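Descriptive analysis of the structure
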Amino acid sequence: MSASKRDILVRGAMNVFYREGFNATGMDKLAKETGVSKMTMYKHFRSKEDLILAALRLRDDEFLSSFTRLVEEGAKTPKGRLLGVFDALADWIEGRDFYSCMFIKATSEYQSPEHPIHVASAEHKRKVLAFIQGLAGEAGAKNPKLLARQLFMLTEGETVTAFILGKSGVAADAKAAAKVLIEAALPGQNT
């Protein structure tokens, strides 16, 4: 299998897992959706879990790259970028292909904190949290770690709420709550 064919397999698997879940998606379904035979899949991935990990790595890279770029391009000031986290998240959530968070889904299906899929998902969340904490530090928050955790919890709640209860108003509500937290942590600064 060529590298590009492998990429097609991983990307196809990522899309199916994201849309339909991990345990609910069998190798037969993946073969049908990606056009790659099960035999070929197993030549390159010892198990379905190895393919899941490859799909999670791809999603991690693509999501973080897109998300951080949108935040950085969306505002000129560090405080503005903190609020921009919620604009970038709204773009994703309000998009046509929103099926909640692939990493939240993965940890709910692979609940043991020691399971490699859980570990990979938790690492993604740590990267997002670290990005937000970096923004909070650049903005001059007295306690960037606390502000980042608060904003991170809002992002996670926004994602889950939009998926479970519907998208209507969720992004605006989360952004309004974030603004209150940011103003409290950075009083007197302009966005």
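This write-up is about the structure you can find in this document.

**Concerning the pattern of salt bridges**
Evaluated as defined, the whole model comprises 16 salt bridges. The closest approach of N and O atoms between Glu62 and Arg11, which form a salt bridge, is 2.4 Å. Of this pair, Glu62 sits in helix H4 (residues 48-74) while Arg11 is found in helix H1 (residues 3-20), placing the two residues 51 residues apart along the sequence. Here Glu138 ties to Arg81 by a salt bridge, and the two come within 3.9 Å at their closest N and O atoms. Here Glu138 is found in helix H7 (residues 116-139), whereas its partner Arg81 is found in helix H5 (residues 78-93), with 57 residues between them in sequence. You can call Glu138 exposed: its relative accessible area is 51%.

**Re unusual backbone geometry**
Of note, the phi angle at Ser100 is positive, near 75°, even though the residue is not glycine. Here Ser100 shows up in the loop between H5 and helix H6 (102-109).

**What about the side chain of Asp60?**
Among the structural elements, Asp60 can be located in helix H4. Polar contacts involving the side chain of Asp60 include one to the side chain of Lys127, which spans 2.7 Å.

**Let's talk about the nonpolar core**
By size, the foremost hydrophobic cluster in this structure holds 58 residues, and its most contacted members are Phe17 and Leu82. Sorting the residues of this core by element identifies H1, helix H2 (27-34), H4, H5, H6, H7, helix H8 (144-165) and helix H9 (170-185) as the ones contributing at least two each. Among the elements that line this core, the one with the most residues is H4, at 11 residues. Contacts of Leu82, omitting those with residues within four sequence positions, involve Ile132, Leu135, Ala136, Ala139, Leu147, Leu151, Ile182 and Leu186.

**A closer look at the environment of Val180**
In this fold, Val180 is placed in helix H9. Taking relative accessible area as the criterion, Val180 reaches 57% and is therefore assigned exposed. Along the backbone, Val180 and Val119 are 61 residues apart, and their C-alpha atoms lie at a distance of 32 Å.

**A few points about the packing of aromatic side chains**
Scanning the model with the defined rule gives eight aromatic pairs in all. Judged by centre distance (6.4 Å) and plane angle (70°), the ring pair of Phe22 and Tyr110 falls under edge-to-face. Here the residue Phe22 occupies a position in the loop between H1 and H2, and Tyr110 occupies one in the loop between H6 and H7, the gap between them amounting to 88 residues. Judged by its relative accessible area of 9%, Tyr110 is buried. With 6.0 Å between their ring centres and 65° between their planes, Phe67 and Phe131 make a pair best called edge-to-face. Here the residue Phe67 occupies a position in helix H4, and Phe131 occupies one in helix H7, the gap between them amounting to 64 residues. Here Phe67 and Phe131 have matching classes, each one buried. Ring pairs connect the aromatic residues Phe63, Phe67, Trp92, Phe98, Phe131 and Phe163, which therefore count as one cluster. It is Arg59 that lies over the ring of Tyr18; its NZ or CZ is 4.8 Å from the centre. Above the plane of the ring of Tyr18 lies Lys105, whose end atom (NZ or CZ) is 5.3 Å from the centre.

Reading the values: the criteria
- Residues numbered from 1 in each chain as written.
- Predicted model: local features only at pLDDT ≥ 70, side-chain atom pairs only at ≥ 80, totals over all residues.
- Heavy atoms only, no water.
- Salt bridge = Lys/Arg side-chain N within 4 Å of Asp/Glu carboxyl O.
- Helix = DSSP H or I, 4+ residues; strand = E, 2+ residues; numbered from the N terminus.
- Buried < 20%, exposed > 50% of the residue type's maximum accessible area, 1.4 Å probe, protein only.
- Polar contact = N/O pair within 3.5 Å; in protein donor to acceptor, adjacent residues only side chain to side chain.
- Core = buried A, V, L, I, M, F, W, Y, C linked by side-chain atoms within 4.5 Å.
- Contact = heavy atoms within 4.5 Å.
- Phe/Tyr/Trp six-rings, centres within 6.5 Å; stacked < 30°, edge-to-face > 60°.
- Lys NZ or Arg CZ within 6 Å of the ring centre and 35° of its normal.

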